[in-house]
Amino acid sequence: MSNVDEYYTEILRFVKQAGSIVREKIYQHKDVLTKSCDVDFVTEWDQKVEKLLIDGISSRYPDHRFIGEESTSSGQKIELTNSPTWIIDPIDGTMNFVHGLPYTCISIALLINKITEIGIVYNPILEQLFTARKGQGAFLNGAPIHVSSEKELRQALVMLEVGTSRDPEKLKIVLQNITLLTSHVHGIRSFGAAALNMCMVALGGVDASFEFGIHAWDVAAGDLIVREAGGVSIDPAGGPFDVMSRRTLCASSMELAQQLSKILIQYYPERD
Ligand code: LIP
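Residues numbered from 1 in each chain as written. Predicted model: local features only at pLDDT ≥ 70, side-chain atom pairs only at ≥ 80, totals over all residues. Heavy atoms only, no water.

Going by the annotation in an unreviewed UniProt entry, the name recorded for the protein chain is Inositol-1-monophosphatase, with Atta cephalotes given as the source organism. Per its UniProt entry, the protein chain bears the Cofactor (unreviewed entry) comment "Mg(2+)". As recorded by UniProt, the Pathway (unreviewed entry) comment attached to the protein chain reads in full: "Polyol metabolism; myo-inositol biosynthesis; myo-inositol from D-glucose 6-phosphate: step 2/2." (UniProt positions renumbered as here; feature names shortened; annotations may be inferred.)

Structure below.
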């Protein structure tokens, strides 16, 4: 058994435990705190799930590092090194979790030498476990998944998000892109959780997904899952994907990704 095999087995165990918490709490009342603005939420359960994952991994692998949404927002600096690093969103789709909308998930990726080795996205409410290992394909509940065969933007179903930022410049660009895309694609969808949006591309249920302003923890796992499902993950302007750029575009094919990137009005948030 390689080290990564062992890490994968261990993390699945912790992710399942974390999932039990999310499943148990989703329909209960939660006290909500705000972060960057008054619709950017965090609950005690985001913090508890992140702690469970970090404590579990640290107890087995004390030299592993972490980039976690909730530890970062409480002041920890983001630095991606070559050390084994777990990038964690304990509850992606916190807004959905708060409202009891069952599109919420745990998203976790392991990067070694800045290369993603493991990506896991788990929606414990709908019992959807998306997994990928570098070079070994992508799976939903253990069954292989594949992106759609779509190459034409005008026939594509595209996911995007308005996001929680209320910065007028960003909102203007989001709304312009929605207007613009409406006349270029079959349809537009939003699940409220970047990681799940990317998994829908991996599953072939939608053909592309993009967002400006997300963070590394929202997209690190989804990036690998999409690529291992045969899709592409790039920067929304057409260059290579950069997990720290706060910009993501993934699609079923490079042709589709490039068509989408060419028509999008671009937005460049401050990097992670
Ligand atoms: C959310 C992302 C979503 C984005 C929200 C927020 P969180 O992550 O998944 O795509 O639109 O603004 O960043 O905060 O629920 O982990």
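Next comes the rest of the write-up.
Enquirer: Explain unusual backbone geometry residue by residue, including any values.
Expert: Positioned with a positive phi, Glu127 is a non-glycine residue whose angle comes to about 50°. For Glu127, a relative accessible area of 38% translates into the label partly exposed. At Asn141, a residue that is not glycine, the phi angle is positive and equals roughly 50°. Looking at the element boundaries, Asn141 is found in the loop between strand S8 (138-140) and strand S9 (143-144). A relative accessible area of 46% means that Asn141 is categorised as partly exposed. (Buried < 20%, exposed > 50% of the residue type's maximum accessible area, 1.4 Å probe, protein only. Helix = DSSP H or I, 4+ residues; strand = E, 2+ residues; numbered from the N terminus.)

Enquirer: Go over the nonpolar core with me, naming the residues and quoting the values.
Expert: Within the largest apolar cluster, 39 residues are counted, with the highest numbers of intra-cluster contacts made by Val121, Phe130, Ile145, Ile225 and Val243. When we break this core down by domain, the ones giving at least three residues each are domain 1 (2-144) and domain 2 (153-263). Here Val121 is in contact with Cys105, Ile106, Ser107, Gln128, Leu129, Phe130, Ala195, Leu196, Cys199, Ala221, Gly222 and Ile225, once residues within four sequence places are set aside. Among the nonpolar cores identified, the runner-up in size contains 29 residues, and Ile26, Val49, Ile112 and Ile120 belong to it. (Core = buried A, V, L, I, M, F, W, Y, C linked by side-chain atoms within 4.5 Å. Domains from an automatic or database assignment. Contact = heavy atoms within 4.5 Å.)

Enquirer: How would you sum up the site of the ligand? Please name residues and give values.
Expert: Surrounding the ligand, one finds 15 residues, the nearest of these being Asp89, Asp92, Gly93, Thr94 and Glu211. Between the ligand and the protein, one listed contact pairs an oxygen atom with a side-chain N or O atom of Asp89 at 2.8 Å. Between the ligand and the protein, one listed contact pairs an oxygen atom with a side-chain N or O atom of Asp218 at 3.1 Å. Computed on the free molecule, the ligand has an accessible area of 380 Å², of which 91% lies beneath the protein chains in the complex. Counting atoms within 2 Å of the grid points, the majority share of the ligand lands in the largest pocket. With three residues, strand S4 (residues 85-92) is the single largest residue contributor to the shell around the ligand. (Near = heavy atom within 4 Å. Polar contact = N/O pair within 3.5 Å; in protein donor to acceptor, adjacent residues only side chain to side chain. Areas by Shrake-Rupley, 256 points an atom, 1.4 Å probe, with all protein chains shown as cover. 1 Å grid on protein atoms, 1.4 Å probe; cavity = no way out; pocket = protein on both sides within 12 Å on 5 of 7 lines; lining within 4 Å. Sits in = over half its atoms within 2 Å of the grid points.)

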